[in-house]
Amino acid sequence: GIVLITAGISGRRTNGVTSLLLAAAIMAGWQPSVVRDVSFQLSFSATAGILYLSSPLRRWIVDALGWTLGRAELPRWVNPLFAEPASVTIAAMLATTPLLALNFGRVSLVSLPANLLIVPAFPFILLASLVAAIGGAIPHAHLIAGAPAYALLTYWLRVAAWFASLPGAASTLDGYTTPYAIATYLAVTALAIWIRRAMTPGGLTQL
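Scoring rules and cut-offs
Residues numbered from 1 in each chain as written. Predicted model: local features only at pLDDT ≥ 70, side-chain atom pairs only at ≥ 80, totals over all residues. Heavy atoms only, no water. Helix = DSSP H or I, 4+ residues; strand = E, 2+ residues; numbered from the N terminus. Buried < 20%, exposed > 50% of the residue type's maximum accessible area, 1.4 Å probe, protein only. Axes fitted to C-alpha atoms, helices over the stretch in contact; angles between N-to-C directions. Parallel < 35°, antiparallel > 145°, perpendicular 65-115°, else oblique. Left-handed = near helix turned anticlockwise from the far one by under 90°. Contact = heavy atoms within 4.5 Å. Nonpolar A, V, L, I, M, F, W, Y, C, P; charged D, E, K, R; others polar. Expected span 1.5 Å × (residues − 1). Bend = angle between axes of the 7 residues up to and from the residue. Patch = residues over 30% accessible without salt bridge, like charges linked within 9 Å, V, L, I, M, F, W, Y side chains within 5 Å. Areas by Shrake-Rupley, 256 points an atom, 1.4 Å probe, with all protein chains shown as cover. Salt bridge = Lys/Arg side-chain N within 4 Å of Asp/Glu carboxyl O.

Colleague: Looking at this model, I keep getting lost on the environment of Phe104. Mind explaining?
Modeller: Within the element layout of this structure, Phe104 appears in helix α4 (residues 78-104). According to the relative accessible area criterion, Phe104 is exposed, its value standing at 52%. Remark: the alpha-carbon pair of Phe104 and Asp174, spanning 70 residues in sequence, is separated by 9.7 Å.

In C-alpha cells:
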C-alpha cells in the first residue's frame with residue numbers, strides 16, 4: 001500500500017503485482033522465516049489473486065449477466081453489489097484454496113455466497129474502524145465512536161457463523177499433499193494467464 005501511494009504521489013505509473021512482490025521481498029529480507037508462515041502465504045496468495053484476476057473476472061461476470069439477460073446495460077447496482085464481490089471472492093478462492101487444503105485439509109463451499117453479503121460492507125467496516133480508533137483516544141467518546149464498528153463487525157461475524165453452521169459448509173480433503181498443491185497451482189496459473197488474455201472488455205464475444 002505504501003509503495004502504491006508513493007508511486008501515485010510521485011506521478012509514476014503504479015503496478016499492484018510489482019508492489020506486492022516488492023513488499024514480500026522486503027518482508028522476507030527482514031525476516032526470512034516469514035515465507036514459511038501460513039498466514040503470510042495466504043495473505044500473499046489472496047492479494048496476488050485479487051490484483052491479477054478480479055478485474056477480468058468482474059468484466060466477464062458483467063458480460064455473462066448481460067448476455068444471459070439479453071441486455072446491453074445492467075442496473076448500476078449490479079457491479080458494486082454483485083460483480084465486484086463475486087470477482088474478488090472467486091479470485092481469492094482460486095489463489096488460496098490449494099494452501100487451505102494443504103495446511104488445513106478442508107475447503108469452504110459457502111465462501112462465495114457469504115462474501116457476497118460481507119464484501120460490500122468492507123469499506124464501511126474500515127471507515128467505522130478508523131472512527132473507532134480515533135474516537136478511542138478521546139475521553140468518554142469511545143463508546144459512541146466505536147458503536148458503528150461494533151455493529152458492522154457483529155454483522156460480519158454473524159453472517160460468517162451462520163454460513164459456517166450450514167450442513168456441508170466445508171469439504172474435507174484427505175491425502176492432499178505438497179505435490180498435489182504444486183500441480184493445482186500450476187493449473188491455477190495457467191487458468192489465470194488464459195483469463196487475463198481472453199477476458200478482455202467484451203470478453204464473451206471474443207471467446
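Colleague: Where do I start with the packing of helix α6 (residues 122-135) against helix α7 (residues 142-164) in this structure?
Modeller: Remark: α6 packs on α7, axes separated minimally by 8 Å, with the N-to-C direction vectors making an angle of 150°. Taken as axis vectors, α6 and α7 run roughly antiparallel relative to one another. In the crossing of α6 with α7, the sense of the turn from one axis to the other is left-handed. Residues Phe122, Phe124, Ile125, Ala128, Ser129, Val131, Ala132 and Gly135 of α6 form the contact with α7, whose own contacting residues are His142, Ala145, Gly146, Pro148, Ala149, Leu152, Leu153 and Trp156. Per-class residue counts for the contact of α6 with α7 are 12 nonpolar, four polar and no charged.

Colleague: Even after reading the chapter, I still don't get α7, so can you show me in this structure?
Modeller: Since the α-helix advances by 3.6 residues per turn, residues separated by three or four positions end up pointing in the same direction. When the terminal C-alpha atoms of α7 are compared, their 31 Å separation across 23 residues agrees well with the 33 Å that a helix rising 1.5 Å per residue should span. Approximately 30° is the largest bend angle found in α7, and it occurs at Pro148. Those residues of α7 that fall on the buried side of the exposure criterion are Ala145, Ala149, Thr154, Val159 and Phe163. For α7, the elements touching its buried residues are α5 (111-118) and α6.

Colleague: Mind showing me how you'd approach unusual backbone geometry here?
Modeller: Most of the time, phi is negative for any residue but glycine, and the peptide bond is trans. The residue His140 is not glycine, and still its phi comes out positive at about 70°. When you line up the elements, His140 lands in the loop between α6 and α7. His140 gets classed as exposed once you look at its relative accessible area, which sits at 76%.

Colleague: Just to check I follow, could you spell out a nonpolar patch on the surface for this structure?
Modeller: Residues Val17, Leu21, Leu51, Tyr52 and Ile193 make up a contiguous nonpolar surface patch of about 380 Å² in total accessible area. With respect to the element layout, Val17 can be found in helix α2 (residues 16-30).

Colleague: How should I be thinking about the pattern of salt bridges in this particular structure?
Modeller: When their charged atoms lie close together, side chains carrying opposite charge are able to pair. According to the stated counting rule, one finds one salt bridge in the structure shown. Residue Arg58 is joined to Glu84 by a salt bridge in which the shortest nitrogen-to-oxygen separation is 3.4 Å. You can see Arg58 sitting in helix α3 (residues 38-69) and its partner Glu84 sitting in helix α4, a full 26 residues away along the chain.

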